[in-house]
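Coordinate inspection notes
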Amino acid sequence: MRRISKLRTRAGQWISLSERVQTSVELLDLAHESGDSSMTAEVGAEATGLVREADELELELVLSGEYDDHNAILAVHAGAGGT
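If you're wondering where the values come from, they're calculated on a predicted model, not measured in any experiment.

Turning next to a nonpolar patch on the surface. A contiguous nonpolar surface patch, about 310 Å² in accessible area, is contributed by Leu59, Val62 and Leu63. Its location among the elements puts valine 62 in helix H2 (residues 37-62).

Here's what the structure looks like:
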C-alpha cells in the first residue's frame, strides 16, 4: 500500500505539471491572438518555473531506485599506477 501511495503521489505530480503546461500553452495562444505583451511575459515566467519543476521531477525520477535512499561510503586512495 505504501508503494501504491508513493506511485500515486509521483504520478499526480506529473499529471499536475502536464495540466499546468497545457493551461500555459492555451494562455500563450490567447496572449498572441490579443497582442497582450504583459500576458506573454507572465506566461514566459510561468514557463520558466514549469521547466525548473520538470527538471526537479526528472531528477527525482532518475534517483528513485531501490537503494537510492540509502547512505553510501566512498573511499578514495591515492596510489601510483595501480587501480
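Now, onward.
Attention now moves to H2. The end-to-end C-alpha distance of H2, which contains 26 residues, comes to 37 Å, matching closely the 38 Å that a straight helix rising 1.5 Å per residue would cover. Listed in full, the buried residues belonging to H2 are Val43, Leu50 and Leu57. Looking at the buried side of H2, the elements it contacts are helix H1 (2-34).

In this section: the side chain of arginine 10. Relative to the helices and strands, arginine 10 is located in helix H1. One buried charged side chain, arginine 10, makes no salt bridge at all; its nearest oppositely charged neighbour is glutamate 60, positioned 4.0 Å away. For arginine 10, the contacting residues outside a window of four places in its chain are Glu60, Leu61 and Ser64.

About the criteria used
Numbering of residues starts from 1 in every chain and runs along the sequence as written. Note on the predicted model: pLDDT of at least 70 is required for a residue's local features to be given, and 80 or more for side-chain atom pairs to be given and counted; whole-chain, interface and lining totals, by contrast, use all residues. The side-chain figures draw on all heavy atoms in the structure; neither hydrogens nor water molecules are used. A patch consists of residues whose relative accessible area exceeds 30% and which take part in no salt bridge; residues with like charges are grouped when within 9 Å of each other, and nonpolar side chains (Val, Leu, Ile, Met, Phe, Trp, Tyr) when within 5 Å. Surface accessibility follows the Shrake-Rupley procedure with a 1.4 Å probe radius. Residue values consider only the protein chains on display as shielding. Criterion for a salt bridge: a side-chain nitrogen of Lys or Arg within 4 Å of a carboxyl oxygen of Asp or Glu. We count a stretch as a helix when DSSP gives it H or I for four or more residues in a row; a strand needs E for two or more, and each element gets its number in order from the N terminus. Multiplying 1.5 Å by the helix residue count minus one yields the expected span of that helix. Relative accessibility under 20% of the residue-type maximum defines a buried residue, over 50% an exposed one, and the middle range a partly exposed one, all with a 1.4 Å probe and only protein chains included. Contacts: residue pairs with any heavy atoms within 4.5 Å of one another. Under the convention used here, Asp and Glu are negative, Lys and Arg are positive, and both His and the chain ends fall outside the count.

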